[in-house]
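Residue-level listing of the chains:
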Amino acid sequence: MAAHAGSRLIGAVLLRVDRATSTNDLLRDLAARGAREGTVVVAREQSGGRGRMGRPWLSPPGGLWLSLLLRPPDPADGRIGLAVAVGVAEAVRTITGAAVGLKWPNDLMLDGRKVGGILVESAPPLVIVGIGVNANVDPAALPAETSGTATSLAAALGREVDLDAVLAAVLAGIDDVYGAFRAGHLGEVLARWRDLSVTLGRPVRIRNGAEVLEGTAIDIDNDGALLIERSDGGRSRVIGGDVTVLAGGGRA
Ligand code: BT5
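Residues numbered from 1 in each chain as written. Predicted model: local features only at pLDDT ≥ 70, side-chain atom pairs only at ≥ 80, totals over all residues. Heavy atoms only, no water.

## Some thoughts on the nonpolar core
No. 1: Counting residues in hydrophobic clusters, the biggest one holds 58 residues, and the most contacted among them are Val 84, Val 88, Val 100, Val 129, Ile 131, Leu 153 and Leu 226.
No. 2: When residues are assigned to domains, this core turns out to be shared by domain 1 (2-196) and domain 2 (203-245), each giving three or more.
No. 3: Formed by eight residues, the second largest nonpolar core is a distinct cluster that contains Leu 15, Leu 27, Ala 31 and Val 41. (Core = buried A, V, L, I, M, F, W, Y, C linked by side-chain atoms within 4.5 Å. Buried < 20%, exposed > 50% of the residue type's maximum accessible area, 1.4 Å probe, protein only. Domains from an automatic or database assignment.)

Written out as structure tokens, the structure is:
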């Protein structure tokens, strides 16, 4: 493990490994052995990377696969994932110039495709946040089910990005937004999320298990839930699920 200089929380302790099954699991083990808040684990590749609800997350070399340990005021606060997504998206935009946006709740989007995702696993009083960014990954090497829906920074920019520079920027970006989050500046964090959103103002379909809901995504509320205006004019408040942005309508 190597320590950074400075007073930053996120990445003050940083462990790099060549390969992990899942960096979330590796960090969970470290947490059980007393790792402190802000500890980060980065793997060059994962053999058992996962997304939400146990879905597989393909993690070949060339991507940015990391997990970080947080001890937030309320480990069940769903806005943690939104806050981390803001930090990652802002940093990637600044350091690479790629116009990464956010799709509620946890997707990093680029050119209408998924370029990364965030997995929040609560282990009270801790929270383990996994972050995957397809940096220099060839989208053609990703699973067939992602064909046409996934991209990478390199594919979109037409050049490889400097993984270490992206990692450093992402850690600094999360440090910044998590600082605001911990200080209780939720309004600011949610405003930054809205600025990056590719969901709001758009017609969407939301699947949550067997439930399907369609309408226009109009906002996120103070708790980070997605507010939908249905075609019958009524409103729904969504706290989980998978959002598909439907073609047409609204702002980009
Ligand atoms: C996510 O889940 O988007 C969260 C992904 C989190 C990955 C990080 S990597 C470091 C840390 N360690 C882990 O084990 N995980 C975290 P979800 O929204 O459920 O999206 C999963 C779906 O995305 C899958 O069912 C596939 O369809 C698709 N997918 C899989 N690998 C992908 C990839 N590399 N790029 C884009 N889409 C992918």
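## Here we look at the pairing of strand β9 (residues 203-208)
No. 1: As judged from the six bridges shared by β9 and strand β10 (residues 211-220), these two strands associate in the antiparallel manner. What sits directly across from Arg 205, in β10, is Glu 214.
No. 2: Two successive antiparallel strands, β9 and β10, enclose a turn made up of two residues, where Gly 209 displays a positive phi of approximately 60°.
No. 3: Across four bridges, the pairing between β9 and strand β13 (residues 242-245) is antiparallel. Counterpart to Arg 207 in the pairing with β13 is Asp 242. (Pairing = 2+ DSSP bridges. Helix = DSSP H or I, 4+ residues; strand = E, 2+ residues; numbered from the N terminus.)

## Digging into the domain arrangement of the protein
No. 1: Assigned domains of the protein: these are domain 1 (2-196) and domain 2 (203-245).
No. 2: Look at where the C-alpha atoms of domain 1 and domain 2 centre, and you get two points 24 Å apart.
No. 3: The contact between domain 1 and domain 2 buries some 1000 Å² in all, and 54% of this surface belongs to carbon and sulfur atoms.
No. 4: Considering only the side of domain 1, the residues that lose the most area to domain 2 are Lys 103, Trp 104 and Arg 194, jointly responsible for 57% of the buried surface there.
No. 5: Counting across the interface, domain 1 meets domain 2 through three salt bridges.
No. 6: Salt-bridge contacts for Arg 55 lead to Asp 242; the nearest nitrogen and oxygen are separated by 2.9 Å.
No. 7: Our count for the domain 1 to domain 2 interface comes out at eight residue pairs in polar contact (both at pLDDT 80 or more).
No. 8: Of all the elements in the fold, those that place two or more residues in the side of domain 1 that touches domain 2 are α2 (79-96) and α5 (186-196).
No. 9: At three residues, the largest contribution of residues to the side of domain 1 that touches domain 2 is made by α5. (Buried area = accessible area lost by both parts, 1.4 Å probe. Salt bridge = Lys/Arg side-chain N within 4 Å of Asp/Glu carboxyl O. Polar contact = N/O pair within 3.5 Å; in protein donor to acceptor, adjacent residues only side chain to side chain.)

## Examining the confidence of the model for the protein
No. 1: Overall, the predicted model of the protein reaches an average pLDDT of 93, with 95% of residues at or above 70.
No. 2: Scored below 50 in pLDDT, residues 1-5 makes eleven contacts in the model with residues more than four places away or belonging to other chains. (pLDDT = per-residue confidence, 0-100. Contact = heavy atoms within 4.5 Å.)

## Some thoughts on the environment of Asp 77
No. 1: Note on placement: Asp 77 falls in the loop between β4 (64-70) and α2.
No. 2: With 135 residues separating them in the primary sequence, Asp 77 and Val 212 have C-alpha atoms 24 Å apart.

## Structural notes on the packing of helix α4 (residues 163-182) against α5
No. 1: One can describe the packing of α4 onto α5 by two numbers: an axis separation of 7 Å at closest approach and a directional angle of 140°. As judged from the angle between their axes, α4 and α5 are oblique. Here Asp 176, Val 177, Ala 180 and Phe 181 of α4 come into contact with α5, specifically with Leu 186, Glu 188, Val 189 and Arg 192. (Axes fitted to C-alpha atoms, helices over the stretch in contact; angles between N-to-C directions. Parallel < 35°, antiparallel > 145°, perpendicular 65-115°, else oblique.)

## A short note on unusual backbone geometry
No. 1: Residue Pro 105 is bonded to the preceding Trp 104 through a cis peptide linkage, with omega at 0°.
No. 2: Along the polypeptide, Pro 105 turns up in the loop between β5 (101-103) and β6 (107-110).
No. 3: In the segment running from Pro 124 into Pro 125, the intervening peptide bond is cis, with an omega of 5°.
No. 4: Within the secondary structure, Pro 125 is located in the loop between β7 (113-123) and β8 (126-133).
No. 5: Even without glycine at this site, Met 53 takes up a positive phi of about 55°.
No. 6: Examined against the element boundaries, Met 53 turns out to sit in the loop between β3 (40-46) and β4.
No. 7: Its identity is not glycine, yet Asp 111 carries a phi of approximately 55°, on the positive side.
No. 8: Mapped onto the elements of the fold, Asp 111 is located in the loop between β6 and β7.

## Things to note about the packing of α2 against α4
No. 1: Closest axis-to-axis distance for the α2/α4 pair is 8 Å, and the angle between their directions is 140°. The angle between the axes of α2 and α4 places the two elements in the oblique class. In the crossing of α2 with α4, the sense of the turn from one axis to the other is right-handed. In this structure, α2 contributes Arg 79, Ile 80, Ala 83, Val 84, Val 86, Gly 87, Val 88, Ala 91, Val 92, Ile 95 and Thr 96 to the contact, and α4 contributes Ala 165, Val 166, Ala 169, Val 170, Gly 173, Ile 174, Val 177 and Phe 181.
No. 2: Along the lines of polarity and charge, the residues of the contact of α2 with α4 split into 15 nonpolar, three polar and one charged. (Left-handed = near helix turned anticlockwise from the far one by under 90°. Nonpolar A, V, L, I, M, F, W, Y, C, P; charged D, E, K, R; others polar.)

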